[in-house]
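Residues per chain are reported as follows:
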Amino acid sequence: MDLFRKIILVGEKGVGKSSLKARLDTNLLFDLEQEVEKTSLELEQMDDQDFFLGILELLREESLEVIVDKYYTNNEYFLFMYSVDSLDSFLKILELYNHISKLKKDRNFKMVLVANKTDLCTKNERKVSKKKGECLARKLKCPYYEISVKTGEGVDSSFVDMIHHFIISKTKQKHQDIVEDFKNLFHRQELTDCSFATNSGKKIKAHRLILESRLAPCKVKTIRKLLLTVTHEDASVFLEWVYTGYTHPSKVSLITSMCETISVQFKSLSGVTSVIKNLRNLYKQESSKDFTLKVKKESIKVHKLILVARSELYRGFFLSIDKSTKSVKDHSKNSTETMKSLIRFFYTNRLDGNKTKNFMKEIENSIEYFQLNMKSSLSSQLPTLKKNKMCQIM
Ligand SMILES: Nc1nc2c(ncn2[C@@H]2O[C@H](COP(=O)(O)OP(=O)(O)OP(=O)(O)O)[C@@H](O)[C@H]2O)c(=O)[nH]1
């Protein structure tokens, strides 16, 4: 499997491809490479996978054939660029799109449409309206960005969006259960232990464990000050991102600026890998665990909140018991090894194949017993479920 993700810049001569590439190389790409590398390290441990990011600039149109032929692996993304001061460059996009579709024998390749040189709009040199650009993007079913490589306007945020959209979202699909579980944990507003006022006075609640572990070393006190300055809706968008690592592309700039205010890095906390990394740290952090599961003769220490997020059975249980209860006897009939694997899975989204092969059946039954997310990636890691498509939970 080719794990090299490529972004291929295509467009008419003079639209600004080399300038964009140079800007990304010197400015943002370094950071992104770091991020992707970091992500790949995580993935390596989790999935024996790895990926890299590269940017290829199409210097001559004739080399399209070579690039498509040589690099076509379904892992590349086309960035179609035109310049807002050139109608010809805009018309060229459709021509290039048809050309690539023909070469790939496919119309559904991944792409974005970028309109460059928006700085010229102020000098009335604009020949292609925003409406025309958006209309073409709708036709080609792809995201649309307006940028100025010269001034930098829109470059970093559009590129960060694109990376999230195209690359990190692949990981998201794989770990959709974690993203959903933590999104639900936030929006249900259950078992919360801190409450924040927003600028309208309306309050929003959250879980200290999640905030402090995700945003460390930033303190709840700092978050309180930040949320007081924003609307309830923006506070909700921000907190959902803290819990899940994801937000809608249109909210990236909002969250980036909120992050700057509290001196945390948007990029390093984005994506499901960053959430899993955080959970893994919690898994190792015995001192902050606040509940004990008594399984046979052993005791397994856990964070109540993680169990609430990952299992509907535990959620119901913790909602019904007194807050002061600190332990419970496990009634699942699972072996201690199964329970340990399951708890580890709650934090890491990964089953240890070697350790679990002897008690696969128990793990399999646990999906139903503990009422795990229907998209649980636990099912995709069980060979018996993998083989039997009827049972596969997607
Ligand atoms: N005003 C303005 N000029 C830009 C912008 N981006 C690039 N340019 C200028 O446009 C010209 C062409 O830029 P390039 O980056 O060489 O364009 P290209 O698409 O790589 O062109 P080829 O290499 O010929 O295919 C240069 O003079 C750049 O300085 C922009 O955002 N605004």
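Residues numbered from 1 in each chain as written. Predicted model: local features only at pLDDT ≥ 70, side-chain atom pairs only at ≥ 80, totals over all residues. Heavy atoms only, no water.

An unreviewed UniProt entry annotates the chain as small monomeric GTPase of Anaeramoeba flamelloides. Entered under Catalytic activity (unreviewed entry) in the UniProt record, the comment concerning the chain runs "GTP + H2O = GDP + phosphate + H(+)". Per UniProt, the comment on the chain under Sequence similarities (unreviewed entry) is "Belongs to the small GTPase superfamily. Ras family." (UniProt positions renumbered as here; feature names shortened; annotations may be inferred.)

Visitor: Can you help me understand the overall build of the chain in this one?
Guide: The number of helices and strands found in the chain is 18 helices and ten strands. For the chain, the proportion of its 394 residues judged to be buried stands at 51%. Partitioning the intrachain contacts of the chain with sequence separation of at least 6 by distance along the chain shows that 71% fall at a separation of at least 24. Surface exposure of the chain reaches about 19,700 Å², of which carbon and sulfur atoms provide 52%. (Helix = DSSP H or I, 4+ residues; strand = E, 2+ residues; numbered from the N terminus. Buried < 20%, exposed > 50% of the residue type's maximum accessible area, 1.4 Å probe, protein only. Contact = heavy atoms within 4.5 Å. Areas by Shrake-Rupley, 256 points an atom, 1.4 Å probe, with all protein chains shown as cover.)

Visitor: Can you help me understand the packing of aromatic side chains in this one?
Guide: Aromatic ring pairs are defined here through the distance separating the ring centres and the angle between the ring planes. Applying the stated rule across the entire model yields 13 aromatic pairs. Ring plane angle 25° and centroid distance 5.3 Å describe the contact between Tyr314 and Phe370, whose orientation is recorded as stacked. With a gap of 56 residues between them, Tyr314 in helix 13 (residues 312-320) and Phe370 in the loop between helix 16 (360-369) and helix 17 (377-380) connect regions that are remote in the sequence. Phe370 carries the same exposure label as Tyr314, and that label is buried. Look at Tyr369 and Phe370: their rings are 4.9 Å apart centre to centre, the planes differ by 80°, and that puts the pair in the edge-to-face class. In this structure an aromatic cluster arises from ring pairing among Phe291, Tyr314, Phe317, Phe318, Tyr369 and Phe370. Lying across the ring of Tyr347, Lys289 places its NZ or CZ 5.7 Å from the centre. (Phe/Tyr/Trp six-rings, centres within 6.5 Å; stacked < 30°, edge-to-face > 60°. Lys NZ or Arg CZ within 6 Å of the ring centre and 35° of its normal.)

Visitor: I keep staring at the site of the ligand and nothing clicks. Help me out?
Guide: Residues in contact with the ligand amount to 16 residues; listed here are only the nearest, Gly14, Ser18, Ser19, Asp119 and Val149. For the ligand, the protein covers 67% of the area, taking 650 Å² as the surface of the free molecule. For the shell around the ligand, the element with the highest residue contribution is helix 1 (residues 17-47), accounting for three residues. (Near = heavy atom within 4 Å.)

Visitor: Which parts of the structure should I look at to understand the nonpolar core?
Guide: The nonpolar side chains of a soluble globular protein tend to be buried, and buried together. By size, the foremost hydrophobic cluster in this structure holds 65 residues, and its most contacted members are Leu227, Phe238, Leu293 and Phe346. Per-element accounting of this core gives the leading share, seven residues, to helix 9 (residues 232-244). With residues up to four places along the chain from it excluded, the contact list for Leu227 reads Phe196, Ala197, Thr198, Asn199, Ile204, Ala235, Phe238, Leu239 and Met258. Counting 21 residues, the second largest nonpolar core, distinct from the first, contains Ile8, Val84, Ile100 and Cys142. (Core = buried A, V, L, I, M, F, W, Y, C linked by side-chain atoms within 4.5 Å.)

Visitor: Help me understand helix 7 (residues 208-215) in this model?
Guide: For helix 7, every residue scored as buried is listed here: Ile210, Leu211, Arg214 and Leu215. Along helix 7, the residues classed as buried sweep out an arc of 95° about the axis, all on the same side. (Arc of directions from axis to C-beta.)

Visitor: Explain the pairing of strand 9 (residues 298-302) here, please?
Guide: Strand residues, when the strand is regular, have side chains that alternate between the two faces of the sheet. Relative to strand 9, strand 8 (residues 291-295) is paired through five bridges, and the arrangement is antiparallel. Looking at strand 9, one finds that Leu293 is bridged to Ile300. Between the antiparallel neighbours strand 8 and strand 9 lie two residues, among them Lys296 with a positive phi of about 50°. (Pairing = 2+ DSSP bridges.)

Visitor: What is the right way to read the sheet that holds strand 9 from this model?
Guide: Either a parallel or an antiparallel arrangement is found when strands of a sheet pair, and the pairing is made through backbone hydrogen bonds. What the three strands build is an open sheet, ordered 9-8-10; its pairing is mixed. Among the strands making up the open sheet, the edge pair consists of strand 9 and strand 10 (327-329). Looking at each pair of strands side by side, their axes are set apart by 25° on average, direction ignored. Alignment of strand 8 against strand 10, held across three bridges, turns out to be parallel. The partner of Thr292 across the bridge, within strand 10, is Ser327. Contacts from helix 14 (residues 336-348) reach strand 8 and strand 9 within the one sheet, and its direction differs from that of strand 9 by about 5°. (Axes fitted to C-alpha atoms, helices over the stretch in contact; angles between N-to-C directions.)

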